[in-house]
Every structure is written in C-alpha cells, then in structure tokens.
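In case you want the letters, here they are:
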Amino acid sequence: MTRRSLRVVVDPTKCEGRGVCAEMLPELITLDGWGFPVLDEGGSVSSEIVEHAVRTVRACPRQALHLVEHSS
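Since the structure is predicted, the reported quantities are computational estimates derived from the model, not experimental observations.

What counts and what doesn't
- Residues numbered from 1 in each chain as written.
- Predicted model: local features only at pLDDT ≥ 70, side-chain atom pairs only at ≥ 80, totals over all residues.
- Heavy atoms only, no water.
- Salt bridge = Lys/Arg side-chain N within 4 Å of Asp/Glu carboxyl O.
- Helix = DSSP H or I, 4+ residues; strand = E, 2+ residues; numbered from the N terminus.
- 1 Å grid on protein atoms, 1.4 Å probe; cavity = no way out; pocket = protein on both sides within 12 Å on 5 of 7 lines; lining within 4 Å.
- Points joined across faces, edges and corners; volume = space filled by probe spheres on them.
- Core = buried A, V, L, I, M, F, W, Y, C linked by side-chain atoms within 4.5 Å.
- Buried < 20%, exposed > 50% of the residue type's maximum accessible area, 1.4 Å probe, protein only.
- Contact = heavy atoms within 4.5 Å.
- Pairing = 2+ DSSP bridges.

A. Broad picture of the pattern of salt bridges. This model, assessed by the stated rule, comprises two salt bridges. Here E16 ties to R18 by a salt bridge, and the two come within 2.8 Å at their closest N and O atoms. With a closest N to O distance of 3.3 Å, E16 and R62 form a salt bridge. Note that E16 is positioned in the loop between β1 (4-10) and α1 (20-24) and R62 in the loop between α2 (50-59) and β5 (65-71), a separation of 46 residues in sequence. Among the charged side chains, a salt-bridge network with shared partners connects E16, R18 and R62.

Encoded structure:
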C-alpha cells in the first residue's frame, strides 16, 4: 500500500535567505552558514506540524517554499 504524505520543498532561485521559515518551523528547517534553509528529514512533514508547515509556506516573503505530496 502506498502512503501519501507532505513534503516542504525550497525553490533556491526564489529564496533570498531571510530566515522567516526557520523561525516559524524550527522543527523542520534550519539555516546554513549563508542564511538559506536546510530541510531536516528531507522536508517530510509529520502530521503534528502540518498546520505549522502550511502557515510557514504561506508566510514566505519570496514564495520560495512549497508543499508537495509524495508517496512513501
């Protein structure tokens, strides 16, 4: 049986490294030395933080974050 789950992805061409995402979703996102997001766990969003992930994606000032469904 295939399970569907959500994953956060970053469009590096749009990201300016402002760090809003890491502040809003520290459970999943940290910043590298230049201030750009690094996604823990490959960006997989656990059921406990789905609402936080949605808010974080919507709050990205450059619309560089996206939620996508993937099969696991």
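Next, the rest of the story.
B. Just empty space enclosed by the protein, in detail. The final tally for this structure, using the stated rule, is one cavity of 30 Å³ or more. What the largest cavity holds in volume is close to 120 Å³. Along the wall of the largest cavity there are 16 residues; nearest its centre are C15, R18, G19, C21 and C60.

C. Examining the nonpolar core more closely. Ranked by size, the top nonpolar core spans 14 residues in total, and within it V8, L25, L28, I29, V45 and L65 carry the most contacts. Of all elements in the fold, only α1 and α2 reach the threshold of two or more residues within this core. Apart from the residues lying within four places of it in its own chain, the contact partners of V8 are L28, L39, G42, G43, V45, A53, L65, H66 and L67.

D. Spotlight on the pairing of β1. Two strands pair when backbone bridges link them, and β1 and β5 are joined in this way by seven bridges, in the antiparallel orientation. Note on β5: the bridge partner recorded for S5 is H70. Bridge analysis of β1 against strand β4 (residues 44-45) gives two bridges, and the strand direction is antiparallel. Directly across from L6, in β4, lies its bridge partner V45.

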